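Commentary on secondary and tertiary structure
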Amino acid sequence: MLSKGLLAVGLLCVSNIFMTCAWYLHLKLQTMKVINFSAWPIYTVVLFSWAIALFEYSFMVPANRIGFEGNGGPFSLVQLKIIQECITLTVFALFSVVVFQNHFGWNHLAAFVCLVMAVFFVFYKCQRPELFPDLFPIGLGKASKANSENRQCNISRSKNKERAYAKEVVACRSHCH
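Residues numbered from 1 in each chain as written. Predicted model: local features only at pLDDT ≥ 70, side-chain atom pairs only at ≥ 80, totals over all residues. Heavy atoms only, no water.

**What to know about the overall build of the protein chain**
Scanning the protein chain from N- to C-terminus turns up five helices and zero strands. Each helix and strand of the protein chain, ordered N terminal to C terminal, gives the series α-α-α-α-α. Out of the 177 residues belonging to the protein chain, those deemed buried represent 21%. For the protein chain, long-range pairs separated by at least 24 residues make up 62% of all intrachain contacts whose partners lie at least 6 apart in sequence. Carbon and sulfur atoms form 70% of the exposed surface of the protein chain, whose accessible area is close to 13000 Å². (Helix = DSSP H or I, 4+ residues; strand = E, 2+ residues; numbered from the N terminus. Buried < 20%, exposed > 50% of the residue type's maximum accessible area, 1.4 Å probe, protein only. Contact = heavy atoms within 4.5 Å. Areas by Shrake-Rupley, 256 points an atom, 1.4 Å probe, with all protein chains shown as cover.)

**Observations concerning the nonpolar core**
By size, the foremost hydrophobic cluster in this structure holds ten residues: Ala 8, Leu 11, Leu 12, Met 60, Ala 63, Phe 75, Leu 80, Ile 83, Ile 87 and Val 91. Every element with two or more residues in this core is listed here: α1 (2-31), α2 (42-67) and α3 (77-98). Examining the composition of this core, we find that four residues originate from one element, α3, more than from any other. Once residues lying within four places of it in the same chain are set aside, the contact partners of Leu 11 are Phe 59, Pro 62, Ala 63 and Ile 66. (Core = buried A, V, L, I, M, F, W, Y, C linked by side-chain atoms within 4.5 Å.)

**Quick notes on the pattern of salt bridges**
Per the counting criterion, the structure on display carries one salt bridge. Residues Lys 81 and Glu 85 are paired through a salt bridge, measuring 2.8 Å at the closest nitrogen-oxygen approach. Of this pair, Lys 81 and Glu 85 both sit in helix α3, separated by four residues, roughly a single helical turn. A relative accessible area of 31% places Glu 85 in the partly exposed class. (Salt bridge = Lys/Arg side-chain N within 4 Å of Asp/Glu carboxyl O.)

**Examining the packing of α3 against helix α4 (residues 106-123)**
Describing two packed helices takes the angle between their axes plus the distance from one axis to the other. With their axes 10 Å apart at the nearest point, α3 and α4 run at an angle of 165° to one another. In terms of orientation, α3 lies roughly antiparallel with respect to α4. For the pair α3 and α4, the crossing hand works out as left-handed. Contact residues: Val 78, Gln 79, Ile 82, Ile 83, Cys 86, Leu 89 and Thr 90 in α3; Phe 112, Leu 115, Ala 118, Val 119, Val 122 and Phe 123 in α4. For the contact of α3 with α4, a count of residues per class yields eleven nonpolar, two polar and no charged. (Axes fitted to C-alpha atoms, helices over the stretch in contact; angles between N-to-C directions. Parallel < 35°, antiparallel > 145°, perpendicular 65-115°, else oblique. Left-handed = near helix turned anticlockwise from the far one by under 90°. Nonpolar A, V, L, I, M, F, W, Y, C, P; charged D, E, K, R; others polar.)

**A word on the environment of Val 61**
Residue position: Val 61 is located in helix α2. Take Val 61: its relative accessible area is 43%, and that puts it in the partly exposed class. Between the C-alpha atom of Val 61 and that of Ser 15, which follows or precedes it by 46 residues, the distance is 9.0 Å.

**Observations concerning the packing of aromatic side chains**
A complete count under the given rule lists seven aromatic pairs for this structure. With a centroid separation of 5.2 Å and 70° between ring planes, the pair formed by Phe 120 and Phe 121 is classed as edge-to-face. The rings of Phe 18, Phe 55 and Phe 59 are connected pair by pair, giving a single aromatic cluster. Just above the ring of Phe 100 sits the side chain of Lys 28; from NZ or CZ to the centre is 5.6 Å. (Phe/Tyr/Trp six-rings, centres within 6.5 Å; stacked < 30°, edge-to-face > 60°. Lys NZ or Arg CZ within 6 Å of the ring centre and 35° of its normal.)

**Brief notes about α3**
In this model α3 runs 31 Å from its N-terminal to its C-terminal C-alpha over 22 residues, within 8% of the 32 Å that 1.5 Å per residue would give. Listed in full, the buried residues belonging to α3 are Gln 79, Leu 80, Ile 83, Gln 84, Cys 86, Ile 87, Thr 88, Val 91, Phe 95 and Ser 96. (Expected span 1.5 Å × (residues − 1).)

**Digging into the side chain of Ser 96**
Topologically, Ser 96 is positioned in helix α3. Residues within four places of Ser 96 in sequence aside, it is in contact with Gln 101, Asn 102 and Phe 104.

**Digging into the environment of Leu 54**
The topology assignment puts Leu 54 in helix α2. In the structure, Leu 54 is positioned 35 residues away from Met 19 in sequence and 8.9 Å away in space, judged by C-alpha atoms.

In structure tokens:
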């Protein structure tokens, strides 16, 4: 499992390097006057970026297939997405510092700490996977059958309460009239 997880994360890293280049490299090439993108119609710049993004997909799709627990990997869909977002922002931060010579402040560090906390919470195994089980009709997580049965009991109790209240209203109306 660990090797599949590392392979998936490695492929996600490579994928995000291509993605960041596809999104932002044309801006740097423009400022360096390597290619005059301002003379190009926008659709050709999009095609240029898509040509780079093809390589991103060539690594992203296998990374998700290898890493997904439904295919024998170690990560849930949500975990894969959070990992990918953290990698994306890390690669972007490095790209913007190295290629664009941007500088980061304390607020950028604080945002990154929040992302690390997001990863922690996504991987944290809680005792009750459903935060608001009554709001979602379809059970979430591994305890969905038990939660579904509990919901049925709660629905039955609330229906009994409604019936008892209705009887009280009828009795009150008949008593008052």
